[in-house]
Amino acid sequence: MSSGLSEQRRDMNPPKKRLRTGDGGAETPRGEQQEEGSAVDVVGDELTDSQDNTELKRSTQQREQSIIMPVYNASCWLDECLQAILQQDFTGSMELSVYDDASTDDSRIVVEGWRERLEARGISVVTSSHNSAQPRGVGYAKNMAISQSCGKYLCFQDADDVMLPQRVRLQYEASLLHPNSLIGCRVQRLPEGSTERYTRWINTITQDQLITQGNHLEAASGLPAGESTQPMGELHHMERWETGPEVIPMPEPDQSEESMLPPHVKAFCDVDENKIRKGFYTYEESKEIPKPKIPILHYKDASAPFIICVKLDMTGGVLEENLNSLQLKEGTDYYHFN
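Residues numbered from 1 in each chain as written. Predicted model: local features only at pLDDT ≥ 70, side-chain atom pairs only at ≥ 80, totals over all residues. Heavy atoms only, no water.

1. Considering the pattern of salt bridges
- Taken as a whole, this structure holds eight salt bridges when the rule is applied.
- Ionic pairing is found between Asp313 and Arg200, a salt bridge with its closest N-O pair at 2.4 Å. With Asp313 in the loop between strand E16 (306-308) and helix H8 (318-325) and Arg200 in helix H5 (residues 196-204), this residue pair connects regions lying 113 residues apart in the sequence.
- Residue Asp313 is classed as partly exposed on the basis of its relative accessible area of 33%.
- Judged by relative accessible area, Arg200 falls into the partly exposed class, the value being 36%.
- Among the ionic pairs, Asp270 bridges to Lys275, the shortest N-O distance being 3.4 Å.
- We classify Asp270 as buried; its relative accessible area is 1%.
- Taking the relative accessible area as the measure of exposure, Lys275 reaches 14% and is therefore buried.
- Residues participating in the shared-partner salt-bridge network are Asp89, Arg169 and Glu173. (Salt bridge = Lys/Arg side-chain N within 4 Å of Asp/Glu carboxyl O. Helix = DSSP H or I, 4+ residues; strand = E, 2+ residues; numbered from the N terminus. Buried < 20%, exposed > 50% of the residue type's maximum accessible area, 1.4 Å probe, protein only.)

Next comes the structure, spelled out in structure tokens:
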């Protein structure tokens, strides 16, 4: 299930870019029992939101696929989105579970306007909302849409995205081959060229990078256990590859400034001759006397493991070429943290 973490809401005005999902999305097998602590109570064949007294209609017959769609002020996108759902070539049983998160436009009216066409296609429609004046966030809305659904597999769909006709079918087939998995996909941006770097990254990421570039590294704890045999005292930090000031991460409230640097960071790596000639970076924010000085090395003079805090695909391939020249293995010798 979604964690319920907050996510920035889209602007109420129509955007200039769209995301078209290809032969995937995000889908996961689902158990038949509802999780404890859900905000929805089962009453017969209806669901009642215990906080808002909103009655949610729900089929008692399990479907193979539930398309989970949180909605917030999405009326300008919904016709294209729902038309794409209608045109899916999946032949199994399917439902659309929509939860409206306090939209102030006519999103719910638009969804209801598609009910007859979707149900004629064999796609059952479940809709609900809450009575609060303010939205509660996409995580909450997604959880509520899941709670009222009855599919064995969940297919997550944003209200401003468009699915290609084969998406649900290919997801389902992949899920049968890979039980207990999350199934992803490549995407196409509309118009072409918008968010170019992000689109290129998401469409070229490898299976290994799904793990290594998806991990979150905590500054105080260092590399994840089991990923590297190198002690943290030997860690090199590739902070900058071009001229510019380094940025030292600020400590957490329960963490001293000194714990952020030696022995955790052995050196900074760079290609700027002036910095390398100077030979060190002074941590001016430290309360230590004298203030800590961190060596600056040319990246070829340093040894793994590395933490790389710089964006990829920004230097015309120079960063990637330099990194490849070291013949390092991502996830063992280095991690991206950007």
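2. Focus: the packing of aromatic side chains
- The full count for this structure, using the stated rule, is five aromatic pairs.
- Here the aromatic rings of Tyr153 and Tyr172 are separated by 5.6 Å at their centres, their planes lie at 80°, and the arrangement is edge-to-face. One end of the pair, Tyr153, is in strand E9 (residues 151-156); the other, Tyr172, is in helix H4 (residues 167-177), with 19 residues separating them in the sequence. There is no split in this pair, since Tyr153 and Tyr172 are both buried.
- Their ring planes at 80° and their centres at 5.7 Å tell us that Phe268 and Tyr281 sit as a pair that is edge-to-face. Separated by 13 residues along the polypeptide, Phe268 in strand E13 (residues 267-270) and Tyr281 in strand E14 (residues 280-282) bring together distant segments of the chain.
- Aromatic ring contacts, followed pair by pair, group Phe90, Tyr153 and Tyr172 into a single cluster.
- Sitting over the ring of Trp114, Arg117 keeps its end group 3.8 Å from the ring centre.
- Positioned over the ring face of Phe280 is Lys278, at 5.4 Å from the centre of the ring. (Phe/Tyr/Trp six-rings, centres within 6.5 Å; stacked < 30°, edge-to-face > 60°. Lys NZ or Arg CZ within 6 Å of the ring centre and 35° of its normal.)

Function cannot be read off these values alone, since they describe shape.
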